[in-house]
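# Reading the structure
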Amino acid sequence: MNPQAKLIFTISLLLGTAITISSNHWIMAWAGLEINTLAVLPLISKSHHPRAIEAATKYFLVQATASTLLLFSSMTNAWYTGQWDITQLTHPISCLILTSAIAMKLGLVPFHFWFPEVLQGAPLTTGLLLATVMKFPPITLFFLTSHSLNPTLLTCMAILSAALGGWMGLNQTQIRKILAFSSIAHLGWMTIIISFDPKLTLLNFYIYSLMTAATFLALNSIKALKLTTLMTTWTKTPSLNAMLFLTLLSLAGLPPLTGFLPKWLIIQELTKQSMAPAATVISLLSLLGLFFYLRLAYCTTITLPPHTTNHMKQWHTNKPTHITIAILTTLSTMLLPISPLIYPLS
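As the structure is a prediction and not an experimental result, all values here were calculated from the model.

The next thing to look at is the domain arrangement of the protein. Domain annotation for the protein reports domain 1 (1-123) and domain 2 (150-345). For domain 1 versus domain 2, the separation of C-alpha centres amounts to 24 Å. Listed by partner, the interface residues are 16 residues for domain 1 and 19 residues for domain 2. For the pairing of domain 1 and domain 2, the buried interface totals around 1500 Å² over both sides, and the portion due to carbon and sulfur atoms is 74%. In terms of surface lost to domain 2, no three residues of domain 1 exceed L108, V109 and Q120, which account for 39% of the buried area on that side.

Okay, unusual backbone geometry next. In this structure, P110 follows V109 across a cis peptide bond, with omega equal to 10°. Among the secondary structure elements, P110 is positioned in the loop between α4 (92-106) and α5 (114-121). P256 follows P255 through a cis peptide bond whose omega is 10°. Within the secondary structure, P256 is located in the loop between α12 (238-252) and α13 (260-272). Backbone geometry at K223 places phi at a positive 55°, although glycine is not the residue there. Examined against the element boundaries, K223 turns out to sit in the loop between α10 (198-222) and α11 (227-230). Phi angles above zero are rare outside glycine, and S274 is one such case at about 60°. Considering the arrangement of structural elements, one finds S274 in the loop between α13 and α14 (276-301).

Reading the values: the criteria
Residues numbered from 1 in each chain as written. Predicted model: local features only at pLDDT ≥ 70, side-chain atom pairs only at ≥ 80, totals over all residues. Heavy atoms only, no water. Domains from an automatic or database assignment. Contact = heavy atoms within 4.5 Å. Buried area = accessible area lost by both parts, 1.4 Å probe. Helix = DSSP H or I, 4+ residues; strand = E, 2+ residues; numbered from the N terminus.

Below, the structure is given as structure tokens:
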């Protein structure tokens, strides 16, 4: 892709995100989401591969539908209450439609089907944008309207997301699809707590973005897209693979790594809100995700490369590992001891 074009799309992406997260009016928030969608489409389809074109088409159709629902929700609320302010969403039908629209934007169950397919068709760097930056504006709208949304509906969607994200990731061999189902499961954790402590949702999103960025950039550096490719990479970059191993365990939420912090705080808050059964169920469902994270981690570090005649080994390049991966991996594994400092900051 032309560097100037890539620069324009990246600036548009940042502009759309900034407009949505800083707006008070529904029309401005909708405009920011539309700019975001249009800016990321060329980044998905830049390889001109049929799978990439298919992913871009699916992404466009889903996001356009979600934006229409969001606009319809805000117009219905304005019709009944005369308010266009985002925080003044009070009409129950508008709240229901908005929940559906944001769930579609994020890829929450039952609107999750598009996300693994789109992530599979996109390059790893664009996949990172789709899994982190593109989810920030809808989560901000969730945060601003959290007091108006139905907690029971959100809890049901969250538990289903955690269940399906873990269950459907078990049988995958494509790394991007595994990370897509991982994202759906993490969104379940963010959604279950948003009605009770919205700041915890944002903290969870920030930590999830850190860990996912470290994982995607490491995978992009070693050019691994399938589990079979991942098995052959540890001989070339052993230190990077060891750090990827720790980041994957952090994504799984194992103590004493950073990924345990949001799960710990969410379970604590749910118990305070007399929702111990929901906390128990979502904790048990996270064990499904733990299985495929361990499978990825096992492929990353423990297995020997296969010595078959028909396996094409990648060319060994001596590219220095970027300092960004080092910083993100350190943050993804070592933030738990300073959790008393992090939680008040959120």
